[in-house]
Amino acid sequence: MTQEAVAVDNGGLILLIFLAFLFAWGLNRVRRRLRFGPIAYTGVMLTFAVVVLAVYTQTFR
């Protein structure tokens, strides 16, 4: 059996990380206006992280 090199495209991952930081910044501004507590803020961030990872892993099909 031969092993094949697998090229990994990190462009999409870098974009998702940038979007995650942008989302966190925007959510922090909204949290101050809506007076979210730390539990609600954590829940929204965890949901966002799960969705981003699910979208990212769909690119490897």
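For the structure itself, consult the block above.
The following paragraphs examine the structure supplied in this document. Quick caveat, the model's predicted, so the values are computed rather than measured.

### A closer look at helix α2 (residues 38-57)
Part 1 of the argument: Relative to the 28 Å expected for 20 residues at 1.5 Å per residue, α2 spans 28 Å between its end C-alpha atoms, a close match to the ideal helical length.
Part 2 of the argument: Residues of α2 that are buried: Phe48, Val52 and Tyr56. Projected onto a plane normal to the axis of α2, the buried residues spread over an arc of 65 degrees and lie on a single side. Along α2, the residues that are exposed and aim more than 90 degrees away from the buried face are Ile39, Leu46, Val50 and Leu53.
Part 3 of the argument: Of the surrounding elements, those touching the buried residues of α2 are α1 (11-34).

### Some remarks on the packing of α1 against α2
Part 1 of the argument: Two elements in contact, α1 and α2, have axes separated by 11 Å at closest approach and are oriented at 160 degrees. Taken together, α1 and α2 sit at an angle that is classed as roughly antiparallel. Along this stretch, α1 crosses α2, giving a crossing that reads as right-handed. Here Gly12, Leu13, Leu16, Leu19, Ala20, Phe23, Ala24, Leu27, Asn28 and Arg31 of α1 lie close against α2, whose contacting residues are Tyr41, Val44, Met45, Phe48, Val52 and Tyr56.
Part 2 of the argument: Here the residues of the contact of α1 with α2 sort into 13 nonpolar, 2 polar and 1 charged.

### Focus: the packing of aromatic side chains
Part 1 of the argument: Inspection of the entire model under this criterion finds 1 aromatic pair.
Part 2 of the argument: Measuring from ring centre to ring centre gives 4.0 Å for Phe23 and Phe48, while their planes differ by 10 degrees; the resulting arrangement is stacked. Residue Phe23 is located in helix α1, and its partner Phe48 is located in helix α2; the two are separated by 25 residues in the primary sequence.
Part 3 of the argument: Look at Phe23 and you get partly exposed, because its relative accessible area is 29%.

So, how was this worked out
Residues numbered from 1 in each chain as written. Predicted model: local features only at pLDDT ≥ 70, side-chain atom pairs only at ≥ 80, totals over all residues. Heavy atoms only, no water. Helix = DSSP H or I, 4+ residues; strand = E, 2+ residues; numbered from the N terminus. Expected span 1.5 Å × (residues − 1). Buried < 20%, exposed > 50% of the residue type's maximum accessible area, 1.4 Å probe, protein only. Arc of directions from axis to C-beta. Contact = heavy atoms within 4.5 Å. Axes fitted to C-alpha atoms, helices over the stretch in contact; angles between N-to-C directions. Parallel < 35°, antiparallel > 145°, perpendicular 65-115°, else oblique. Left-handed = near helix turned anticlockwise from the far one by under 90°. Nonpolar A, V, L, I, M, F, W, Y, C, P; charged D, E, K, R; others polar. Phe/Tyr/Trp six-rings, centres within 6.5 Å; stacked < 30°, edge-to-face > 60°.

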